[in-house]
Structure formats: C-alpha cells, structure tokens
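Notes for the structure review
So the chains spell out like this:
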Number of protein chains: 2
Amino acid sequence: MSKSKDQSNNEFSLINRYFKKLTAQQDVVVGIGDDAAILKPTEGHQLALATDSLVASVHFPNEANAYQVATRSLCVNLSDMAAMGATPKWFTLALTLPKPLATTDWLQDFSQGLAEVAKQYNVALVGGDTTAGPLTISITVAGELPAGEALCRGGAQADDSIYVSGTLGDGAASLLALTQNSEMISERLLQRFYSPQPQIALGVCLRDFATACIDISDGLVADLGHICKASGLGAAIKSDLLPIHSELKDNHRNQVLEWALTGGDDYQLCFTIPESKQAAFEAWVQQANIPVTKIGNMTQLQHNQDAVLLDDQALSANFGGYTHFK
Amino acid sequence: MSKSKDQSNNEFSLINRYFKKLTAQQDVVVGIGDDAAILKPTEGHQLALATDSLVASVHFPNEANAYQVATRSLCVNLSDMAAMGATPKWFTLALTLPKPLATTDWLQDFSQGLAEVAKQYNVALVGGDTTAGPLTISITVAGELPAGEALCRGGAQADDSIYVSGTLGDGAASLLALTQNSEMISERLLQRFYSPQPQIALGVCLRDFATACIDISDGLVADLGHICKASGLGAAIKSDLLPIHSELKDNHRNQVLEWALTGGDDYQLCFTIPESKQAAFEAWVQQANIPVTKIGNMTQLQHNQDAVLLDDQALSANFGGYTHFK
C-alpha cells in the first residue's frame, strides 16, 4: 500500500524519454524529475487550467492502439483551451495502465502519439504519474491568455449570430463505424475520432470577436444549450445551415441531422458573434483558411420555450428521442 | 463510448456544491462550470505544477472512508508544493469512482474532506472530471513562488547540513497498524496517515535558507538519495539523530530504524542548509514552532561508495534487506 516514486516512475520515465525527443520545453524552468514542475508565466496573462479523463471502452474503444489513445487524449484536452481562447503551454499526465499494457512497445507508441500532438500545438509535458489499473488517461492542460480576454459561455447577447467550426456529426459517424465495422471506416473519420484537431488558432482569434464560446463534445444542442443557459438566452438554428461533410450526407442520409445535433465528440467550436464584428471576423477566417459556418442566432428566451429551437420548432417536436436533452 | 458533460458532471457538481461552502476562491476569475478555469497569477511569480494519483488498496486501504480518502489525497498532493517552496493556490480533481460509491453520502463526505484541507491551506478547487471505475483520485495542484526561488533537488553542496521536519517512520507504522489491526491504531497515527500535514510554511521559509529540498514519500534513504544523485554528492546520516516519536520507540523498538529509513509515506521535508545560514534558520523555526532535526551532512561522493551512509557504513552492511535501494 505504500507509494514508490522509484517503481511508479519507471513507466513514466519511459514516456518522458520518448517525449523529450519531440517537444519544445517552452518556459519550463524545472521539468519532470523534481517534486513539481516550475513554469514561467507570461506577464500580463491569466492562466487557463482544465482536467479531463478518458477511459477505455467509455471514451475510446478497447481496441484502440496506444498511439491512437494518446493522440485522442491530448487533442480532446487541448480543445478545452481552444474553447476559452487560451494558448495551451504545458500539461501533466496521470496514466492508469493495465499490467499487460505496461510494455516498452505500448509505452513507446503512446509516447510517440503524445509527442506528435504536443509538438504540433507547442505544449510541453511537465509532470505526471503512472498507476496500475484499467486504462485511464487524465490530462491537465495549463494555458495562457491576455488578462480579461477569456471566452466564457455567459457573454452571448440576443441577435448575436451563432457559428460552428468545421463539420458536425463526424464524431457520431466515426463512433458508429468503429463499433460496427472498424475496418471499413474511412481515413477521414478515423482521423476525426483519434485526432480531433483542437481549434486553437480559431479560439485565439475569437478573443477579438466572440461574445461566448464552447467546444462541442456533447453535441451541438447540448453545448449550445450551455451557452443559452449561461447567457440567459435562447437560440434559433436552421437545419439546412448545419455544416455536414458530404461523406456523411452520401452514406447516412437518415442519420446525419441527428448526429449533427446530438452526436457529440466533434470537438469543434460553437460561438456567438455580434453583428458589428461579423464582417471583420469572416474576413479573418477567410484569409486564415479556417472553415466556419453561421447556423442561426441567439434570441430572447420566452417563457416555457425550449432554449434551442431548430427551424423554429422545439427540438422535441421534431425528434422524439431528444427529450433527454431537456 | 461517447463522453457526456451532463452525465459525468452530476457527481462533480455535487462535489463542487459542498466544496464551495468552505473554500476561498482566491484569484479565480472563472471557476468550475466553463471549459477551463481562468486564474490570476501573481506578478513576478513562477508557476509550480504537480500531478499525483492515489489508488484504493495501493495508496490507502479499501476500507478508508470517503472523508479519509479525500484528506489524504489532497494532503499528499500539497506536499509536493511544500517540497518546492511553493504556495499552493488551485487544484483540479480527476475522480474515478466505482458505481456503488457514487452516492450522495459518499460524495458529501468526500467533498467535506477535500473542503476542510482546502480551507486549511487556502487552495481552491477549480475544475475536474468524474469517470466510473476503480476508486482513483488524481489531483493536479498549481502553486506559485517568486521567480528563481524554487527549491530543487540538485542544489546541495558538500558539508551542507541535512535536516528533516517532524518525525520519521510514522507512515510505515500507521500502514502496519491499518493493515493488521485497524481498530487498535492510535489517533496520532491515524492522523499521520490520513492527514499528513503538508509542510507549506516550512517550504516557503526554506526558500531563504535551503540549497535542496524533497518531500519524504518513499522513505528517507530513497528521497535523500534523490538529492544526492541530483547534486552529485553523498550523504552521511546518524541513526541516533533520526527524529522518531516516542510512541514508535516504545511499541516497535526493533522496527523503528528500518521504518524511519525506508518506510516512506511520511510526507515530511528533507532539506540541506549551508553552515552560514544555520543559525538564522534555527532561530526562525524556533519562533515558528516548527520541529526540525539535523540528521547529518552532505559529503563528497567517493568512487564506489553508497550515496547515503548510515553511521559511516553503507546501508547494505547494516540492513541486508535494503539492497533494493541500491
């Protein structure tokens, strides 16, 4: 029952060894190997801190390989930084690992996956811990943003336009493909599931334009609902405006709308922009080549009205199955 | 397999509800309930960040109650801040909870334990996540300290005196009592196991005096060995100087030395102080009423010599069973 730094750090040292090859140690005064990491904050900035756990067979299939587990875990966690408009800088890892996976091969592949995402987004692994047990990856990401510029959920105003990044429904489509016939999944959906690209650049840009922002992990209706609730408003969105990839439209015509609205796991941003800033925002995303789509607008919340209306109707009227969102 | 903010946050909301009653939300711009917490760093300070996981039946007995699990988890994590000389400010919690424990009673007691420790040390819970599975508590603590003043392991100099705080061997003694006859354990040992007091005030003071510091989680020999290795030095300690509580001396005469040296789980600080600063340091701890004991001194490391010598002998010569530390 006693803890052993020496024993528990064996696996962690391995992760760190592979990891150090690839990641930049930006603003890291003391890294892994002391009681805590010491990090150099940027003057005039605030700290963004978020923790998220991914569990095998809950957040990814048991069959996922080590590389895939690592990339999905870090991408999903970085998405929370994007949603706040923060630039991620450092992260720690609490890894719970079943004994059969504690092999050099598994850890090497896991480290490689972490390291490649970390390099892409310029974040440094600065600490962590490994324990034995069912595969669980808890990551804490620390990021920074200029003081007072965080994108919160509660800032939306009535008549603000509602935008989403990328395409919706891919999370649900990839999940179905992985659970039903994982060998037939397209490369695009496989990437969308295991490497959902956190929208960091967009999040940083939105500090200048957006009044509210959230990342879509539970599905558009649920997450837009969080913006509605925090802002004390309603939202009206149009089904024919929802950005859905042609792959889904072609192969899953009857399911795409449900997936786009409630599927979750998309890790796109949903955000609101006042009319006065839309032209400048749209010019920026065009030159930055970041796909975003206007899908509706925020509304005054009427008494007894559902927070999110689809095509002017309460969602439950269109989709009986969706009552659990209310 | 899809993640649900709504579902997974039910337990977490409960924790947070109880928690908010007690803890100060110091420098928290945005707390729990958005995609990430937004925190206000202190100007001119650096950030200390550490993650540690505690697993049922590994780091505490399965029989531990929710309150005990919470206090031990947070105390142990805060100890890493003490070891760096940092003042802890914020923490996040990744809680993996077996379904039978996800009751209001358990969560209320757990929250109460977290909240009381958090209040005592003035740290705020700012985020987290709950998942289902074997009981595991992963905490990430973020603290601060003036730039350049972190207490690292590698700064010790030859002839520096070696000190420890409090008493040694209590962790091992409490572990034995808990596993053998948990009803007979003394209140003092129960407290030492479930509420090991992180030496925050001492750590902060040591920024002015110490050349190296570590917290004793694996046992004095192993942890002092980390200072030796990082500093490129040896250490010579005296068995009759080791601070051991009379309770242990009276009841466990034949085991106390082994426990003090290798038992672990003590969460006291071990640190080195140059001769020029000893008088001022000892005056400070006396007025602050913090018990510390000088147990030996750092030495030049001789070829083929064990890093830590006890009473001028290599530890293996005294204790055959200790060869696993080499």
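Residues numbered from 1 in each chain as written. Chains lettered and ligands numbered in written order. Predicted model: local features only at pLDDT ≥ 70, side-chain atom pairs only at ≥ 80, totals over all residues.

Glancing now at the overall build of chain A. Secondary structure summary: chain A contains eleven helices and 13 strands in total. In summary, chain A has a C-alpha radius of gyration of 21 Å against a globular reference of 20 Å for 326 residues, a match within 12%. Each principal axis of the C-alpha distribution contributes one length, and for chain A these read about 60 × 50 × 40 Å. Within chain A, the proportion of its 326 residues that are buried is 56%. (Helix = DSSP H or I, 4+ residues; strand = E, 2+ residues; numbered from the N terminus. Rg over C-alpha atoms; globule rule 2.2 N^0.38 Å. Buried ≥ 20, exposed ≤ 12 C-beta atoms within 10 Å, placed from the backbone.)

Once that is clear, we can look at the interface of chain A and chain B. Chain A puts 62 residues into the contact, and the matching count from chain B is 61 residues. When residues in the side of chain A that touches chain B are grouped by element, the largest group, nine residues, is from strand β3 (residues 45–55) of chain A. The class makeup of the residues in the side of chain A that touches chain B is 30 nonpolar, 19 polar and 13 charged. Across three bridges, the pairing between β3(A) and strand β2 (residues 37–39) of chain B is antiparallel. Bridging from a neighbouring strand, A:A48 pairs with B:I38 of β2(B). (Contact = placed C-beta atoms within 7 Å. Nonpolar A, V, L, I, M, F, W, Y, C, P; charged D, E, K, R; others polar. Pairing = 2+ DSSP bridges.)

Residues and elements named next belong to chain B. Relative to the assigned elements, V117 resides in helix α3 (residues 104–121). In this structure the C-alpha to C-alpha distance between V117 and L178, which are 61 residues apart in sequence, comes to 22 Å. The contacts of V117, once residues within four sequence positions are left out, are T71, L74 and C75.

Attention now moves to the sheet that holds strand β6 (residues 136–146) of chain B. Ordered by their spatial adjacency, six strands build an open sheet running β1(A)-β2(A)-β3(B)-β6(B)-β4(B)-β5(B), and the pairing between neighbours is mixed. In this open sheet, the two edge strands, each paired with only one partner strand, are β1 (28–30) of chain A together with β5 (124–132) of chain B. With strand direction ignored, the average angle separating the axes of adjacent strands in the sheet is 20°. (Axes fitted to C-alpha atoms, helices over the stretch in contact; angles between N-to-C directions.)

Turning our eyes to something else, we now look at the pairing of strand β8 (residues 212–215) of chain A. Residue and element names in this part refer to chain A. Burial along β8 is two-sided: A212 and I214 and C213 and D215, pointing in opposite directions, are all buried. Here four bridges tie β8 to strand β10 (residues 269–273), and the two strands are oriented antiparallel to one another. Within β10, the residue paired with D215 across the bridge is L269.

We now examine the relation of the copies chain A and chain B. With an RMSD of 0.0 Å, chain A superimposes on chain B once it is rotated by 180° and translated 0.0 Å along the axis. The operation mapping one copy onto its partner corresponds to a two-fold rotation axis. Here 98% of the interface residues in chain A have copies in chain B that are interface residues too; the copies meet face to matching face. (Least-squares fit on C-alpha atoms with pLDDT ≥ 70 in both.)

Among the nonpolar cores identified, the biggest contains 214 residues, and A:A48, A:L49, B:A48 and B:L49 are the most heavily contacted of them. Residues contacting B:A48, with those up to four places away along its chain left out, are A:A36, A:I38, B:M81, B:M84, B:A86, B:A142, B:G143, B:E144 and B:L145. (Core = buried A, V, L, I, M, F, W, Y, C linked by C-beta atoms within 7 Å.)

Honestly, it's all geometry; don't read function into it.
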